[in-house]
Amino acid sequence: MQTTLQMSTLTIADQIRTLRKNRGLSQEMLAENAGINLRTLQRIETGNVEPRGETLRMLAQALNVTMEELIPVQVSATVQIEEDPGFLKLMNLSALTLWFIPFGNIFIPLGLWIYKKNKVHGANELGKRILNFQITWTVFTYGLAYLIIFPTFYEEFYIDPFIMLAIMLALFLGNTIFIIVTHSKIVRGDENVYPFSLKLIS
């Protein structure tokens, strides 16, 4: 399990609400100490109103902090990033669904990538490489099929269906072999995978 840090912003509303609770004050008590309307404080803490000028000064004084301390600040939040090589292998091999599901080589890895890209170490980068390659391959393969088949409807030229089938089968087999080779690289920990594709997702 690997832990990373992400930065998030505490708003003025968050600051005031946190400081009030840390000091054991109710909204009524803070409003009274600051000399402001209770409804105003409630709207400030929900983020509907941002205190400025004299209101901000009075709240800071009542909370015994400086005005600068109520300004939004960056805080660290921990996010758990899993080490899960098995998921990386699964995401890669899921592209083999191209044999069973139309465009499965794109949609299945895409779903896995969206689900785990920020949860598994290496999933974000590998997912983008898989998708870029599979989208490139799909556009080329089906684009080629269209260019070959479409003119036959206008009797401009004719290609033997068996030749066309052989071409498509060769492309599918080529993709399959590439996926299997990539799987072996992932097993070895080699990060140089799917280097040849358009950078459609970055």
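This structure is a prediction, so every number in the text was calculated from the model and none was measured.

1. A closer look at the overall build of the protein
Thought 1: Broken down by element type, the protein carries eight helices and two strands.
Thought 2: In the protein, the succession of α and β elements from N to C terminus is β-α-α-α-α-β-α-α-α-α.
Thought 3: The burial tally for the protein puts 34% of its 202 residues in the buried class.
Thought 4: A separation of at least 24 residues holds for 68% of the contacts in the protein among residues at least 6 apart in sequence.
Thought 5: Accessible area of the protein: about 12,400 Å², with a carbon and sulfur share of 62%.

2. Remarks on helix 2 (residues 27-34)
Thought 1: All of the buried residues along helix 2 are Q27, L30, A31 and A34. End-on, the buried residues of helix 2 take up no more than an arc of 100°, which puts them together on one face.
Thought 2: Where helix 2 is buried, its residues contact helix 1 (12-22), helix 3 (38-45) and helix 4 (53-62).
Thought 3: Looking one or two places after helix 2, you find G35, whose phi comes out positive at around 75°.

3. Quick notes on the side chain of T141
Thought 1: As for its position among the elements, T141 is in helix 7 (residues 123-149).
Thought 2: The residues contacting T141, other than those within four sequence positions of it, are M168, L171 and F172.

Rules and cut-offs
- Residues numbered from 1 in each chain as written.
- Predicted model: local features only at pLDDT ≥ 70, side-chain atom pairs only at ≥ 80, totals over all residues.
- Heavy atoms only, no water.
- Helix = DSSP H or I, 4+ residues; strand = E, 2+ residues; numbered from the N terminus.
- Buried < 20%, exposed > 50% of the residue type's maximum accessible area, 1.4 Å probe, protein only.
- Contact = heavy atoms within 4.5 Å.
- Areas by Shrake-Rupley, 256 points an atom, 1.4 Å probe, with all protein chains shown as cover.
- Arc of directions from axis to C-beta.

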